[in-house]
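Summary of the model geometry
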Amino acid sequence: MTRPGNRRDQRRPAAVPAQRRRFKPHELFAERLLAVLSGERPVHWMLNHTVGHGYQQLVELAPHAPFQAHGPRPVVRTCRALPLSPGVVEASACIGAGDQVRAMAFRLERGSDLRWRCAAVELGGERQPA
């Protein structure tokens, strides 16, 4: 493509931004919970994203930073969800940090304001090699 002969401006048209991937609610919450449980974010960061006993569970789990890694940063390897009824989802995620893998399960409930909130969190047992 050539530019018009009288054009002195070297700028090019802006590139069309790539489509951002839309995360499903359970994928987004897996990332949020990992940030809190790895010590990357404070537990009160989830205050408006929890309901019922979910926040208290995070308060009890977070000080131990169960997903804190001394090597590579932990990541969500997989995340799956099972809808139980309209507005209720139970999800599980595999969290990996280097060669260590742990499991996390959580329940999401959709409120009357149509926002998803975490209602419960459970972690798998001891760290296992991948």
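Here's a quick rundown of the structure. (Residues numbered from 1 in each chain as written. Predicted model: local features only at pLDDT ≥ 70, side-chain atom pairs only at ≥ 80, totals over all residues. Heavy atoms only, no water.)

1. Some details on the pairing of strand S2 (residues 88-97)
The buried fraction of S2 is high, at seven of 10 residues. The antiparallel hairpin formed by strand S1 (residues 75-85) and S2 contains two residues in its connecting segment, where Gly87 sits at a positive phi of about 85°. Relative to strand S3 (residues 100-110), S2 runs antiparallel, the two sharing 10 bridges. The partner of Ala91 across the bridge, within S3, is Phe106. Between S2 and S3, which pair antiparallel in sequence order, lie two residues; one of them, Gly98, sits at a positive phi of approximately 65°. (Buried < 20%, exposed > 50% of the residue type's maximum accessible area, 1.4 Å probe, protein only. Helix = DSSP H or I, 4+ residues; strand = E, 2+ residues; numbered from the N terminus. Pairing = 2+ DSSP bridges.)

2. Points about the environment of Pro42
Its location among the elements puts Pro42 in the loop between helix H1 (25-37) and helix H2 (54-61). Looking at Pro42, the relative accessible area reads 39%, which means it is partly exposed. For the pair Pro42 and Val59, spaced 17 residues apart in the sequence, the C-alpha separation amounts to 9.6 Å.

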